[in-house]
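Okay, here's what each chain looks like letter by letter:
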Number of protein chains: 2
Amino acid sequence: MKAFTVYEDKYNNKNIVNNGNKFMTGNGYMGFRGTLEEYTKNELVACNISGLYDKQGDSWREPINAPNGLFTTLIVNGNEISLLQLEPVEHMQSIDIKEGIHRRNTIWDTKDGKIIVKAERFISLEDFHLICLKYSLIVDKQCEVVIKTGIDGDVWDINGPHLENYILEDQNGLIKILSTTQELKVPVVVAEICKKSFEAKEVIEKGEKSVIRCIEFKAEPNVEYTIYKYVSVYTGNDETSNAEQDCEANALKAVYIGYEKAYNEHIIQWKYRWDVSDVIIEGNEEDQLAIRYSIYQLQIIAPVHSNKLSIPARGLSGQTYKGAIFWDTEMFMLPFFLHTAPQVALNLVNYRIRTLDGARKKAEYYGFKGAFYAWESQENGEDACSDFNVTDIFTGRPVKTYFKDKQVHISAAVSYAIWETYKFSGDIKLLLRGGAEVILECARFFYSYAYYKEDKDRYEILDVIGPDEYHERVNNNAYTSKMVYHTLDVALQALELLKKGYPKEYLELVSRLNYSVEIANIIKFKEKLYVPGPDKKTLIIEQFDGYEKLEDCSLTEVKSRLLDPKEYWGGGHGVASNTKIIKQADVILMLYLFRNQYSQEVKKANWEYYEPRTEHGSSLSPCIYSLLSCEIGNEKWAYPFFVKTANVDLTGETKQFAGSIYIGGTHPAANGGAWMATILGFAGLNVKVGEITINPNLPKTWTKLSFNVIVRGEKYLINITQKDQKIIKL
Amino acid sequence: MKAFTVYEDKYNNKNIVNNGNKFMTGNGYMGFRGTLEEYTKNELVACNISGLYDKQGDSWREPINAPNGLFTTLIVNGNEISLLQLEPVEHMQSIDIKEGIHRRNTIWDTKDGKIIVKAERFISLEDFHLICLKYSLIVDKQCEVVIKTGIDGDVWDINGPHLENYILEDQNGLIKILSTTQELKVPVVVAEICKKSFEAKEVIEKGEKSVIRCIEFKAEPNVEYTIYKYVSVYTGNDETSNAEQDCEANALKAVYIGYEKAYNEHIIQWKYRWDVSDVIIEGNEEDQLAIRYSIYQLQIIAPVHSNKLSIPARGLSGQTYKGAIFWDTEMFMLPFFLHTAPQVALNLVNYRIRTLDGARKKAEYYGFKGAFYAWESQENGEDACSDFNVTDIFTGRPVKTYFKDKQVHISAAVSYAIWETYKFSGDIKLLLRGGAEVILECARFFYSYAYYKEDKDRYEILDVIGPDEYHERVNNNAYTSKMVYHTLDVALQALELLKKGYPKEYLELVSRLNYSVEIANIIKFKEKLYVPGPDKKTLIIEQFDGYEKLEDCSLTEVKSRLLDPKEYWGGGHGVASNTKIIKQADVILMLYLFRNQYSQEVKKANWEYYEPRTEHGSSLSPCIYSLLSCEIGNEKWAYPFFVKTANVDLTGETKQFAGSIYIGGTHPAANGGAWMATILGFAGLNVKVGEITINPNLPKTWTKLSFNVIVRGEKYLINITQKDQKIIKL
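Note that the coordinates shown come from a computational prediction; the quantities given were computed from them, not determined experimentally. (Residues numbered from 1 in each chain as written. Chains lettered and ligands numbered in written order. Predicted model: local features only at pLDDT ≥ 70, side-chain atom pairs only at ≥ 80, totals over all residues.)

This part is about the overall build of chain A. For chain A, the helix and strand inventory stands at 20 helices and 30 strands. Against the compact-globule benchmark of 27 Å for 730 residues, chain A has a radius of gyration of 26 Å, which places it among compact chains. Dimensions of chain A, computed from C-alpha atoms along their principal axes, come out at roughly 90 × 60 × 55 Å. For chain A, the proportion of its 730 residues judged to be buried stands at 55%. Long-range pairs, those at least 24 residues apart, make up 68% of the contacts in chain A between residues at least 6 apart in sequence. (Helix = DSSP H or I, 4+ residues; strand = E, 2+ residues; numbered from the N terminus. Rg over C-alpha atoms; globule rule 2.2 N^0.38 Å. Buried ≥ 20, exposed ≤ 12 C-beta atoms within 10 Å, placed from the backbone. Contact = placed C-beta atoms within 7 Å.)

To continue, consider the confidence of the model for chain A. For chain A, per-residue confidence averages 96 on the pLDDT scale, and 99% of positions sit at 70 or higher. We note a pTM of 0.93 for the whole complex and an ipTM of 0.90 for its interfaces. (pLDDT = per-residue confidence, 0-100.)

Another aspect to go through is the domain arrangement of chain A. Interface size, as often reported, equals the accessible area lost upon joining of the parts. Residues and elements named next belong to chain A. Looking at the assigned domains, one finds that chain A contains domain 1 (2-243) and domain 2 (278-729). Averaged C-alpha coordinates put domain 1 and domain 2 at centres separated by 36 Å. On the domain 2 side, the residues contacting the 32 residues of domain 1 number 31 residues. Among the secondary structure elements, those contributing two or more residues to the side of domain 1 that touches domain 2 are helix 1 (16-22), strand 2 (25-26), strand 3 (30-32), strand 4 (47-54) and strand 5 (62-66). Here the side of domain 1 that touches domain 2 is composed, by residue class, of 15 nonpolar, 12 polar and five charged. (Domains from an automatic or database assignment. Nonpolar A, V, L, I, M, F, W, Y, C, P; charged D, E, K, R; others polar.)

Moving on, we get to the interface of chain A and chain B. Facing 22 residues of chain A, the contacting portion of chain B comprises 22 residues. Going through the elements one at a time, strand 21 (398-400), helix 10 (428-449) and strand 22 (451-453) of chain A are the ones with two or more residues in the side of chain A that touches chain B. In terms of residue class, the side of chain A that touches chain B is made up of seven nonpolar, seven polar and eight charged.

Its rotation angle being 179°, the transformation that places chain A on chain B also includes 0.1 Å of axial translation and leaves an RMSD of 0.1 Å. Expressed as an axis order, the relation between the two copies is that of a two-fold axis. Residue Gly572 of chain A of chain A places its C-alpha closer to the rotation axis than any other residue of that unit, at 2.1 Å. Most of the interface of chain A is mirrored in chain B, where 100% of its interface residues again form contacts. (Least-squares fit on C-alpha atoms with pLDDT ≥ 70 in both.)

Moving on to the environment of Lys526 of chain A. Residue and element names in this part refer to chain A. Position of Lys526 relative to the elements: it lies in helix 13 (residues 516-528). With 67 residues separating them along the chain, Lys526 and Tyr459 place their C-alpha atoms 8.6 Å apart. If near-sequence neighbours (up to four positions away) are discounted, Lys526 is found in contact with Tyr485, Leu488, Asp489 and Leu492.

Now for the packing of helix 4 (residues 285-299) of chain B against helix 20 (residues 668-682) of chain B. All names here are of chain B. At a closest axis distance of 8 Å, the pairing of helix 4 and helix 20 adopts a crossing angle of 130°. By the angle class used here, helix 4 and helix 20 are oblique. Both helix 4 and helix 20 take part in a crossing whose hand is left-handed. Residues Ala290, Ile291, Ser294, Ile295, Gln297 and Leu298 of helix 4 touch helix 20, and the partners they reach there are Pro668, Asn671, Gly672, Ala674, Trp675 and Thr678. Partitioned by chemical class, the residues of the contact of helix 4 with helix 20 number seven nonpolar, five polar and no charged. (Axes fitted to C-alpha atoms, helices over the stretch in contact; angles between N-to-C directions. Parallel < 35°, antiparallel > 145°, perpendicular 65-115°, else oblique. Left-handed = near helix turned anticlockwise from the far one by under 90°.)

Our focus in this paragraph is the sheet that holds strand 29 (residues 714-721) of chain A. Residue and element names in this part refer to chain A. The strand order across the open sheet formed by four strands is 19-28-29-30, and the pairing between neighbours is antiparallel. The sheet is open, and its two borders are formed by strand 19 (279-282) and strand 30 (725-729), each paired with just one other strand. For this sheet the average axis-to-axis angle between neighbouring strands, irrespective of direction, equals 15°. Summarising the sheet, strand 19 and strand 28 (residues 704-711) pair through four bridges and their orientation is antiparallel. Counterpart to Val279 in the pairing with strand 28 is Phe707. (Pairing = 2+ DSSP bridges.)

This is the structure in structure tokens:
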């Protein structure tokens, strides 16, 4: 099915890095970049492990990449046959997003004849530790072949090396690399067993960090020689008392089951996933593929197996963004999971509940109370964000940014996500089991962060960065203040709920948090918190104090001032910093989230005002402009932003650098944004207290839009055409 | 007398710019750079007019330089004889600081024989519009001479041209250039009359912007040929109904009086000045000269003639720093004038009273109430400071700085100066005639600027820049908060004083300013204003919130990080911005100003902590370290800082650049600081309610220190030796 396949049918070594993202596979436990079997760290091969981080020296803390158990290359008559050595005559790389299968097919014309390599692999959705590869060779002249395959432990690291204490083993056909992380000495184990469809001599070569089988045989013309690799990956972070033993056992189990059965179990899981999450768009094949691909990207990184993990901003595509969890998850990915995979949604918010102490420590460090969530959160909620996140392109010096200490809206995003999940599910247990505590601690944090402006008789939220990171340290950022208000509001609602329905738990919580004095503060704070509103004449909401006085120049003008394409636009000296050009939706995001509280005129006026001033330099931006366009009934404005968002990882045309820092990888927030634009935007789906409504406004080319949602245990099918609409309870 | 002469006895064209500052003359109405007669705008000749500004296009507004009425060069047998053309065999340039006389003496050996030029000039202290030059020539072989002398209207401008509509006149021996400023069309007139001691043919040459006399004669060997130039300078800013007429009349009057009498009248005025302001140091000739030179620099820029002017940060040495008035005047120059020239001190504070409306407008622009004084104040108190004060050396782009909007301590400095002047003089009229109003409006400004931190039950002063400009937008800067506290304190004192002694004026003021509600605010604000104090263990006062967490590296280390010597150290990306390295005395200035409120231990601990972390990148810094050293009884620490301060304009070894912006010129704040270090530091002079005390601690090499002060109309002579001390009422 074409609409389920992404492929490239020409080899171009310039695409190696981008294809690593585009052809990714994964299962939430690990992500495997879309690299080819003969690639090594130079081509950014990565088997990226979710939630296992390491810090090497003074460098950034980042997730680790496990040894590559899929490494396989070919020697024919003594010559290496590899895409890195020899141009192919034919080449195809594809990903079947319906079944989560990565394939490649390469034909070389060599002096020793035609050589065909076919490979197929999957990261099992059934067994989260398992990777399987089927690798076949056909030649058209008899030749001496060596297939070198095994585990390549010389992994790609950005700020590594992260693995040390390598132990290389080889026992009864099972090869294995044991290592530990540098910082916390967490074991990382990869075991591999290889089965062949033919007889061959096998010799084990151990390198410094690799164990490679050399499978030597004489290949006959037009015979398919196939090997099956079963790779098992475990770490000390897993629920296991002995990662090494479990890893071995798992590899053996996979061999026992066999490739075909493992494959079938895997695709059955994919079928279950698509059964609830597929979105059918008829009338536009590109859009159909793009929305499915976006959903695929979310599925391969969803932490289905663990309620301790969340989703990093670059998914599991590598180490960029330090593998950290940003607000992206709460604000841009959560809606998809809420509507299609409630347990994953719970896992995501549970990660924030579990890491509350990290947020408390951060607040304390900065002299505040309550919970100040990490801007870049790692396994225990500690902040991986550095004070210097960008490198000055002209001097090579690190540039001080204030993302970590001033982007306080993260705590509001966490509260928002918990409340949305509670409202969606109606499940009070979420609040009782930590959700309410997080919200209360976030409210407490904001009270301790806020200042009272006496002569104006109001509280203000000063010195923050809103979603638009190009303007640092601003006062009264509308988005932030509105989100703080929301936090206070839901904190009071949560208290009320518990007090009425769960008085014992209420008393325990209020007493344990010493919260009774805080309640009065929060009531007063909420009552007098200043949230910038629309100007009476223009209806424009000023993004922050003084925005109106900034230089009002065009995006083209600002771009023309760049002296280097890699320059960072924000910070102290950025080209955008002192202009009205903003990085991404800020006021517009606020208007979308609180769309019921603003008139259509205000939404329209602000959309028209801010859109030309928005760089969309973040992949979080276009989807929000799309959503607000739908809200004001203008699908014409909405559609191009949907297209941009939904194709972000297909085209790879995103910002690759912030200053000189590489920020490439996949864009799960945009993937989530594409889903939001489609379902919450074009379909106008709205779920309130378990009731669902739609308000469709399909793009002109779409003849049909069809999808499922799961609301409080019930599954619904929604069918929308240009003329008709139906909600069917299944 | 050697200790009254500064000279250079070799010609070095590399010193041209610096000598322009070092050999400056002036009288407070105008400053004339220490350039030589044959120099033009290329050598930065400037007749800088106090208080007359112009803005050309989008450039910075800056003071104007009048046409140069002293221009004179020489042609001998058809060849130009000038330092710019021909190396001299002997050359001397000097300034007699006792009499304010600039001299030069140059001998050339040419193919036409030896040529000697001697020149002497003064900017009259008797007639503020008058400049006189005596210029003599001696040759040792008969030759044909042309002395070209007249008015060169092609003036040096940094952001010019400022003058336009030139009218060049020549009538009955009087030549004249009329022009107007670009922005406000203010007339600028220079008239010149030249008298000769000999017969010669005289031809007038008019250029585009110049009127030059060509005095042609055959010179006989060993005869001295002398011309006398009487130059009169007027502008439309003067108290005159017709600048042109007055200018002419003044030149004619000067001719009538004659050179010798004009000279004598001038030096008599200098004698009066020295009679009260001289400081005698015995035992160290360098120090003697340096302190006198510092006083000289202050005398030549003192606005004796007008109560509408103050003193720019670079005196009258040119257009750098936009000729603007900074806090330098109030905090570093005022003490000298208070103690030696009370009327000048009153003129200085009157300038701030007169420009209160400018400060009100600035406050309003930024959304505050009361008076927010200009960081760089020009004639009406408008702020000449731009939002971009530095240029990035790597990109050539203007760098956003926050001097203008965040250096709120300027309003406290103005209040402080008014209160100091009131306390020193005991003159309540100062308060009644605007002084109290300024202080009340500054207090009102601070209340509207401050925030209340509810959970800490205190007011805070957020988002400021303290004296250390390398750290922008900091919270709770100790110096600023302390100065705000002082403003509130004296506002309440002033109110109390008026209420008791001048109830009618009190009621009028409070009613006119609608201040009665403000009083309660200010009482509460003062009571709960947070001023950072010494840490209980270390005794260190944190310069601002978070200073303690900055990188603690050495000055050497920070310097070593510079990629270009002209780099700006502060701003968003400066090498010092994220370290503990500070530009200048900040906490130390606070400890000095409020020295009676802190223990010696605190002063010592902070001196020892902050000094190694101070770049002294501002000429305002060393004197304060010197003063606090004296305060803690350590003249050994104090002395080197005194030497640095007192020699700043003699050595010319100061920062010449901030980013790529030239900031050269004289340093009157350091000159005032040298006086403070000597009199308030080493002598330990203290005047309280008209009572004077001393607490001397002389540098080891000084055998005697002797000086006068005028306190409330009484003159005192203070004599201090290493053993003895006397205060003699004269």
